[in-house]
Number of protein chains: 2
Amino acid sequence: MGIDSRTVFETMDMLSTSDHASVVAISLFVTLLCACIVIGHLLEENRWMNESITALLIGVGTGVVILLISKGKSSHLMVFSEDLFFIYLLPPIIFNAGFQVKKKQFFRNFMTIILFGALGTLISFIIISLGAIAFFQKMDIGLAIGDYLAIGAIFAATDSVCTLQILSQDETPLLYSLVFGEGVVNDATSVVLFNAVKNFDLSHINTTVALELVGNFFYLFISSTVLGVVTGLLSAYVIKKLYFGRHSTDREVAIMMLMAYLSYMLAELFYLSGILTVFFCGIVMSHYTWHNVTENSRVTTKHTFATLSFVAEIFIFLYVGMDALDIDKWRVVSSSPKKSIYVSATLLGLTLVGRAAFVFPLSFLSNLTKKSPNEKIHFKQQITIWWAGLMRGAVSMALAYNQFTKAGHTQDRGNAIMITSTITVVLFSTVVFGLLTKPLVRFLMPSPKQLHRSISSEPVTPNSMIVPLLGEGQDSVAELFSGNGIAREDGQTVARPSSLRMLLTKPTRTVHYYWRKFDDAFMRPVFGGRGFVPYVPGSPTEQSVRQWQGEAKH
Amino acid sequence: MGIDSRTVFETMDMLSTSDHASVVAISLFVTLLCACIVIGHLLEENRWMNESITALLIGVGTGVVILLISKGKSSHLMVFSEDLFFIYLLPPIIFNAGFQVKKKQFFRNFMTIILFGALGTLISFIIISLGAIAFFQKMDIGLAIGDYLAIGAIFAATDSVCTLQILSQDETPLLYSLVFGEGVVNDATSVVLFNAVKNFDLSHINTTVALELVGNFFYLFISSTVLGVVTGLLSAYVIKKLYFGRHSTDREVAIMMLMAYLSYMLAELFYLSGILTVFFCGIVMSHYTWHNVTENSRVTTKHTFATLSFVAEIFIFLYVGMDALDIDKWRVVSSSPKKSIYVSATLLGLTLVGRAAFVFPLSFLSNLTKKSPNEKIHFKQQITIWWAGLMRGAVSMALAYNQFTKAGHTQDRGNAIMITSTITVVLFSTVVFGLLTKPLVRFLMPSPKQLHRSISSEPVTPNSMIVPLLGEGQDSVAELFSGNGIAREDGQTVARPSSLRMLLTKPTRTVHYYWRKFDDAFMRPVFGGRGFVPYVPGSPTEQSVRQWQGEAKH
């Protein structure tokens, strides 16, 4: 800190010192964001389009316009910035995902998610790396062994942002939690793999190095999770203790936003996975902190986090779209268009194969542990999981720029080919695979939307909506029993689970049962949460919106 | 655009390219922000402190700690960045002020506000400039005529952010609207004056140049206002037309935030006053757009804007506090401490005199136009207005850095003295004057808080709260009449105003009356607004919070 502080503040200063040019850039971007939102809304009912694709196309279009206006001279239009992406755009998206995720679904499938996210990514990484070596080594592009492994890590990184857009949490909750949860773990795994490839001496891989890598992954996974949980609990505790009886919506919302962001930045500070941290921070905040604040704060935080995430998502696709037009890179590869197309197509194929190579075997493995047919992942669902994780997005771009450029743009031919191929794969997979996903899900899944609607049309209690998703009636009753806790000790007709037998036969459920007991007995009394803090409709120090609404007229 | 685009995107890129250092800086800042919020909350009941002073002191304290840790070597800790301030921190504060301002109070006192903000700032500018010439010219600091005029502009800029913190809109609505409204106009005037001083050839001031300056001010004022109003109306129209029957809270909130920010950036793009633009955009949005969105969007926008503004305010004071410790500047002036203290004290005195020189005469002028004694600005109120506008803040800092530094820090002795004196004046006025304001307001004003509370304890309708503030019973009835519009045509006992007589005797009221007619007949049917859009409790596509709250448990 003592040594660094000079650089730190100079960087901070540099970050913010600019001139009229940044005003132009920001105005242009904000205008385009507004356009994307409005056009996206108009196209909402369209069965092919989604907001990501709209933003991507508007971005490419704007890139073309700027290129034409500057008469092709403005070759170095815009370079994808890793930091803008990792520091400002990604945190709100992942935090919101954790904040809004259906926690029960997520934790029920926890083992499958870890299996897919960690082991699956590793399989995908190996296949893509080996494939790249096999196909590209004879092509004289000038890549080293480290580059091939980096390619594996880059193209093993799925785009969890795009997944959020194409799968609906309400319509296909199991698939959503699997694919998105996998995406979050996948992000962490890819970054670990990528850093491992960059830092480790790969010329002589032996057991020690491999074990070190595995250890590194577990360290990263566990410490990131713990950091996220601790920060989330801290925010709950602070708000519960300090604001008791003297709530202020602005302060509560500010504390929640700042602590969430802080968790991400602290993870980055300690070289952990910020994505995992902020995801678990979101889960903890929605379980504890969110229940400690006023009604107004709840509405505000829920929608603010969703809005920030929404805007950041659109921004990313707009940005990737505009970046695709950097003609410097294209000029270098234009001398060998066939080679470039061949590389892109190969990478796309490897991505398809690499994902298939783990989704189907691991689903089979996962199904072996489940007894109820309702809990198993059926073949159609497996296809959807395979397909929905094919999109490559901003994480791949960020890693590719990190590996293949130094100062933002490169003249080296091999590097230029890899950058343009990455852009091609990202654009193609997002647009083409993305366009096909909505129809594919509708074709493969037995009209889940209508099913959901018919349930919703009945008078819905939260439980009645969850029951059909649980699959097993018996367990959902046990859930209710433990969920309603202490007050329902009379429910002796429901067989209380015998701990050891349960743990052996249904480990996840048993863990869940004991977690609930622990949560009710210790966590919630300390950190607050539903039913453990008095209901606060609004603060005495702030006017209610309705009152303000009245005054606003005058 | 064609020529600029290269620079634009390179700047954008540079803005976001950084390394681990920026992660450290952001983590530190976010942690400090959290600390300020929590400590500010704990000190809330304290009769002296407010959040600005807390943040300022924490900032100075952190600066000292960093200085100690780096053993005094980290001399160039942090330099105040104009752009961080003007592009990211100021817009949310001013927008929120416009969004939450009591519109009736503001427009009722519109002429007085303009008088104070424009003519008053000019008087203050002249007195401070002349005083600076008189006191500093013999001191051999090495300032040119342009520097003296710049000093006038710098110290004529009041701190509207600090005003928001010390005066309460609910307790002293007249004073709040006067002082804060004046602050907004003052910002525009100061920036115009400052730019005029920088750009015009001041060696031979004649009538043409003076007229050009006046014309420039009116152009700036009118075009900025129009831009803000147009952007606000556009947002209202877009949301009313597009989202009819298919509301999405996230999109609505995103559109409102982005369009508000866009209005500011467009104003900056065209070299207008972004502050004025975004202020009027906020007023228009709260009058039209806010009524076109769902209930959830209303709660969310109201609190989100307030929270962003709150965080930005704390950030500014934290930042100013940390910046004060840049020992490079202090080292230059440490050779002549007496001179530095003399300059700071003189500037502080000139600020006091310059403000007194317009508050009392202009209040007298304003009182001449009012007939009812309740509408006049009494002497005690004049003292409060004088005192509450004495704080100098981030705008003064930004202008001073613009004038007296080139690359962020200066070795020139005259410039160093001016920078350190500005910091001294800002710190002293914010802390000392700020600390004294709360007690002063309580001492001078006849316990407005209790008065307000006693009104609130009765069953409150919005109108009954406004009536005592209007001062004239008759007019408030006329207001109610025109406010409730078409439906109340039977209220013939209330004398309908005869347009010409009214316009001559009570110009503001008459303008207001015709504005309401115009608003009801044309504006609201087109742009929406209270009572002109069907009430939408929530969107069909989104779950209500209550439902989500239920599900969150599972």
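Owing to the predicted nature of the structure, the values given are computational and were not obtained by experimental measurement.

Enquirer: What is the right way to read the environment of A:Met397 from this model?
Expert: Tracing the backbone through its elements, the reader meets A:Met397 in helix α17 (residues 394–404). A:Met397 sits 240 residues away from A:Ala157 along the chain, and the two C-alpha atoms are 9.8 Å apart.

Enquirer: Where do I start with the pattern of salt bridges in this structure?
Expert: Proximity of charged atoms lets side chains of opposite charge pair with each other. Residues and elements named next belong to chain B. Counted under the stated rule, the structure contains 6 salt bridges over all chains. Its salt-bridge partner being Glu182, residue Arg355 comes within 3.0 Å of it at the nearest N-O pair. Of the two residues, Arg355 sits in helix α15 (residues 337–369) while Glu182 sits in helix α9 (residues 173–199), which places them 173 residues apart along the sequence. There is no split in this pair, since Arg355 and Glu182 are both buried. Of the charged contacts in the structure, one is a salt bridge between Asp520 and Arg524, with a shortest N-O distance of 3.4 Å.

Enquirer: Is there a simple way to think about the packing of helix α11 (residues 249–269) of chain B against helix α12 (residues 274–287) of chain B in this case?
Expert: When two helices pack together, their arrangement is captured by the angle between the axes and the distance separating the axes. All names here are of chain B. Relative orientation of the contacting elements α11 and α12 amounts to 150°, with a least axis distance of 8 Å. Considering the angle they form, α11 stands roughly antiparallel to α12. Like other packed secondary-structure pairs, α11 and α12 cross with a definite hand, here right-handed. Contacts between α11 and α12 pair Met256, Met259, Ala260, Ser263, Tyr264, Ala267 and Glu268 from the former with Gly274, Ile275, Thr277, Val278, Cys281 and Met285 from the latter.

Enquirer: Explain the confidence of the model for chain A to me, please; I cannot follow it from the model alone.
Expert: The predicted structure's coordinates, where accompanied by low pLDDT, should not be read in detail. Residues and elements named next belong to chain A. The predicted model of chain A averages 75 in pLDDT, with 75% of residues at 70 or higher. Mean pLDDT values for the elements of chain A range from 31 in helix α20 (residues 462–470) up to 92 in helix α11 (residues 249–269). Here residues 1–18 scores under 50 on pLDDT; set against residues more than four positions off or in separate chains, the count is 45 contacts. Within the model, pLDDT remains below 50 along residues 448–497, and this stretch shows 55 contacts once partners closer than five positions in the same chain are excluded. Interface predicted TM-score (ipTM) for the complex: 0.78; the corresponding pTM is 0.79.

Enquirer: I would appreciate a short explanation of the side chain of B:Ser124 in the present structure.
Expert: All names here are of chain B. Considering the arrangement of structural elements, one finds Ser124 in helix α6 (residues 110–136). Residue class for Ser124 comes out buried when judged on its relative accessible area of 2%. Leaving out residues up to four positions away in the same chain, Ser124 has contacts with Ala156, Gly354, Arg355 and Phe358.

Enquirer: Looking at this structure, how should I read unusual backbone geometry?
Expert: Most peptide bonds take the trans form, and the phi angle of most residues other than glycine is negative. All names here are of chain A. In the Ramachandran plot, Tyr271 falls in the positive-phi region, its phi being about 60° despite a non-glycine side chain. Its place among the elements puts Tyr271 in the loop between α11 and α12 (274–287). For Tyr271, a relative accessible area of 62% corresponds to the exposed category.

Enquirer: Quick question: what am I supposed to make of the nonpolar core here?
Expert: Across soluble globular proteins, nonpolar side chains have a tendency to be buried as a group. Of all hydrophobic cores here, the largest spans 291 residues; its most connected members are A:Ile151 and B:Ile151. Not counting the four nearest positions on each side in its chain, A:Ile151 is found in contact with A:Ile128, A:Ala132, A:Leu143, A:Leu347, A:Phe404 and A:Met418.

Cut-off values and rules
Residues numbered from 1 in each chain as written. Chains lettered and ligands numbered in written order. Predicted model: local features only at pLDDT ≥ 70, side-chain atom pairs only at ≥ 80, totals over all residues. Heavy atoms only, no water. Helix = DSSP H or I, 4+ residues; strand = E, 2+ residues; numbered from the N terminus. Salt bridge = Lys/Arg side-chain N within 4 Å of Asp/Glu carboxyl O. Buried < 20%, exposed > 50% of the residue type's maximum accessible area, 1.4 Å probe, protein only. Axes fitted to C-alpha atoms, helices over the stretch in contact; angles between N-to-C directions. Parallel < 35°, antiparallel > 145°, perpendicular 65-115°, else oblique. Left-handed = near helix turned anticlockwise from the far one by under 90°. Contact = heavy atoms within 4.5 Å. pLDDT = per-residue confidence, 0-100. Core = buried A, V, L, I, M, F, W, Y, C linked by side-chain atoms within 4.5 Å.

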